[in-house]
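One letter stands for each residue in the lines below.
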Amino acid sequence: MNIGIVCYPTHGGSGVVATDIGHALAQRGHAVHIISYATPFRFQPYQSNMHYHEVEVSAYPLFRYPPYDLALANTIMDVVESEGLELIHAHYAIPNAISALLAREMLGDICKRVKVVTTLHGTDVTIVGQERGYQRITRYGIEKSDAVTIVSEALAKETTALFGLLAKSLHVIHNFVDTERFAPGCCPDKRGTLAFEGEKIVMHLSNFREVKRPLDVIEAFAKICRTLKARLIMLGDGPLLRACKDRSKDLKIADRVRFLGTVDTPWELLPQADVFFLPSEHESFGLAALEAMSCGVPVVASNTGGISEVLTHGETGFLSNVGDVAGYAKSMEQLLSDPKLHKRMADAARAHAVDRFSEASLMPRWEQFYDDVLAGRVS
Ligand code: GMT
């Protein structure tokens, strides 16, 4: 197959998923063309069958808002024509799906009709897609794509309700994780750089947006500090980072918290954690939680969206209601003070990630899906 993948290049789940699917397809011998405004951070440039096409956006002074969507559509059209793409896979509805559809429209009869597959990741339908300025165009992107996939059953249910769609028009394909890269025991020397001997490590990784509720991480960690010798490692960057730093000072735990900013190699740090903590307001899937599980780290998270499809409460981690800071703290205390429980959950987390969410188990599904779309067997 000859596939174009359109995605965001930034440190976010959708860009990671898009790039990982691209690498896995290239390894299986398919030609993959990644199209974005910068090289996605997980992109490995020296892999055969893997190509990158940069979108050039004009900064002409007339434009208050440079029209990236149009430049993207133009680039997609060029790549379809020059590389003979059969299928474009757009990750995230706005603007990627819309630009792919526009490119197909512009191509008209120039070449064989290219298929457009859109994957909905979460905030594209639950937040951005609900804004008045984007709701109708998000629906258009969903309805006009040849096929739409979605990352969890929970998000499929929510999306069909929000947009009044038929449930069968959304195909659930869970995200996968590279279980060889995200593995227990990786880089043990890093642990000593994160925490002192004898300290338990709680880790959080996010883009520090409101939807991630990073302040709940600080509040819950402050509670467990009263009884446990522990350190909190905060990975990532975003709008609430400053507020988190300030709150940790207010709660007098600043010396127990380290903010490491954006990391490009989370597989080196996640295995050092004793607990991964994700108390989001909403999470369509929770790729970061899956990556932690793959490293053999139990997860404490909020029971929202698709998280319960990724981790099993009481087996691979613990779930509490959104905002239940006392509940999170209790779960973490339980895990961190009971080595037998911790070991059982750590092993179960790794086994669950390998059995259910590995590349090997999900890539055949993607290949079959693309085949079906190209043959007109899916809509
Ligand atoms: O808003 C974000 O968290 C980023 C966003 C993205 O598209 O990069 O993440 C969403 O997609 C991920 C990959 O499918 C999912 O693992 C995340 O759960 C989802 N985020 C939310 O639903 C908040």
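Residues numbered from 1 in each chain as written. Predicted model: local features only at pLDDT ≥ 70, side-chain atom pairs only at ≥ 80, totals over all residues. Heavy atoms only, no water.

Novice: Residues and numbers for the packing of helix 1 (residues 13–27) against helix 15 (residues 359–374), please.
Specialist: Contact geometry of helix 1 with helix 15 gives a least axis separation of 11 Å together with a crossing angle of 80°. When the axes of helix 1 and helix 15 are compared, the pair comes out roughly perpendicular. Residue-level inspection shows Ile21, Ala24, Leu25 and Gln27 of helix 1 in contact with helix 15, the latter providing Glu359, Met363, Trp366, Glu367 and Tyr370. A per-class count over the contact of helix 1 with helix 15 returns six nonpolar, one polar and two charged. (Axes fitted to C-alpha atoms, helices over the stretch in contact; angles between N-to-C directions. Helix = DSSP H or I, 4+ residues; strand = E, 2+ residues; numbered from the N terminus. Parallel < 35°, antiparallel > 145°, perpendicular 65-115°, else oblique. Contact = heavy atoms within 4.5 Å. Nonpolar A, V, L, I, M, F, W, Y, C, P; charged D, E, K, R; others polar.)

Novice: Account for the packing of aromatic side chains, naming residues and giving values.
Specialist: Summed over the entire model, instances satisfying the criterion amount to nine aromatic pairs. Centre to centre, the rings of Trp366 and Phe369 are 6.2 Å apart; their planes meet at 90°, and the pair counts as edge-to-face. Highlighted residues: Trp366 and Phe369, both in helix 15, separated by three residues, approximately one helical turn. Here the two residues Trp366 and Phe369 agree in accessibility, since each one is buried. An aromatic cluster is defined as three or more aromatic residues linked by ring pairs; in this entry it consists of Trp366, Phe369 and Tyr370. In this arrangement the basic side chain of Arg181 is found over the ring face of Trp267, its NZ or CZ atom lying 4.0 Å from the centre. (Phe/Tyr/Trp six-rings, centres within 6.5 Å; stacked < 30°, edge-to-face > 60°. Buried < 20%, exposed > 50% of the residue type's maximum accessible area, 1.4 Å probe, protein only. Lys NZ or Arg CZ within 6 Å of the ring centre and 35° of its normal.)

Novice: Provide a residue-level description of the sheet that holds strand 10 (residues 257–261), including the pertinent values.
Specialist: Here six strands make up an open sheet; going across it, the order is 10-9-8-11-12-13 and the pairing parallel. This sheet does not close on itself; its edge strands, each paired only once, are strand 10 and strand 13 (317–320). On average, each strand axis in the sheet is tilted by 20° relative to the strand beside it, whichever way the strands run. Pairing between strand 12 (residues 299–302) and strand 13: four bridges, direction parallel. When the bridges of strand 13 are listed, Ala301 appears paired with Leu319. (Pairing = 2+ DSSP bridges.)

Novice: Lay out the domain arrangement of the protein in plain terms, naming residues and giving numbers.
Specialist: In terms of domain boundaries, the protein breaks down into domain 1 (2–176 + 359–374) and domain 2 (188–357). With centres defined by C-alpha atoms, the gap from domain 1 to domain 2 works out at 30 Å. If you look at the interface, domain 1 gives 22 residues, while domain 2 gives 18 residues. In total, about 1,400 Å² of surface goes out of reach between domain 1 and domain 2, with carbon and sulfur atoms giving 57% of it. At the junction of domain 1 and domain 2, the tally comes to one salt bridge. Of the charged contacts, one joins Arg42 and Glu291 as a salt bridge, the two residues approaching to 3.3 Å between their closest N and O atoms. (Domains from an automatic or database assignment. Buried area = accessible area lost by both parts, 1.4 Å probe. Salt bridge = Lys/Arg side-chain N within 4 Å of Asp/Glu carboxyl O.)

Novice: So what about the site of the ligand? Which residues, and what values?
Specialist: Residues in contact with the ligand amount to 19 residues; listed here are only the nearest, Gly13, Ser14, His121, Glu283 and Ser284. Gly13 is positioned with one of its backbone polar atoms (N or O) 2.8 Å from an oxygen atom of the ligand. Here an oxygen atom of the ligand and a side-chain polar atom of Arg209 are 2.9 Å apart. Look at the ligand: alone it shows 480 Å² of surface, and the protein chains cover 96% of it. Using a 2 Å cut-off from the grid points, one finds that the ligand occupies the largest pocket. Considering each element in turn, the shell around the ligand owes the most residues, three residues, to helix 1. Within the shell around the ligand, the residues separate by chemical class into five nonpolar, eleven polar and three charged. Mapping the shell around the ligand onto the domain boundaries places at least three of its residues in each of domain 1 (2–176 + 359–374) and domain 2 (188–357). (Near = heavy atom within 4 Å. Polar contact = N/O pair within 3.5 Å; in protein donor to acceptor, adjacent residues only side chain to side chain. Areas by Shrake-Rupley, 256 points an atom, 1.4 Å probe, with all protein chains shown as cover. 1 Å grid on protein atoms, 1.4 Å probe; cavity = no way out; pocket = protein on both sides within 12 Å on 5 of 7 lines; lining within 4 Å. Sits in = over half its atoms within 2 Å of the grid points.)

Novice: Can you tell me about the environment of His89, naming the residues and giving the values?
Specialist: Mapped onto the secondary structure, His89 falls in strand 4 (residues 87–91). According to the relative accessible area criterion, His89 is buried, its value standing at 0%. Taking the C-alpha atoms as reference points, His89 and Ala273, 184 residues apart in sequence, are found 34 Å from one another. Side chain to side chain, His89 and Thr119 meet in a polar contact 2.6 Å long.

Novice: Let's hear about the pattern of salt bridges: which residues, and what values?
Specialist: Throughout the structure, instances matching the rule amount to 18 salt bridges. The salt bridge partner of Arg213 is Glu281, with a shortest N-O separation of 2.7 Å. Separated by 68 residues along the polypeptide, Arg213 in the loop between strand 8 (200–205) and helix 8 (214–225) and Glu281 in the loop between strand 11 (275–278) and helix 11 (287–294) bring together distant segments of the chain. You can call Arg213 partly exposed: its relative accessible area is 26%. Several salt bridges converge on common partners, so that one network encompasses Asp20, Arg42 and Glu291.

Novice: Explain a nonpolar patch on the surface to me, using residue names and the numbers behind them.
Specialist: Residues Tyr60, Leu62 and Phe63 make up a contiguous nonpolar surface patch of about 350 Å² in total accessible area. Mapping Leu62 onto the fold places it in the loop between strand 3 (50–54) and helix 2 (68–83). Its relative accessible area of 68% is what places Leu62 among the exposed residues. (Patch = residues over 30% accessible without salt bridge, like charges linked within 9 Å, V, L, I, M, F, W, Y side chains within 5 Å.)

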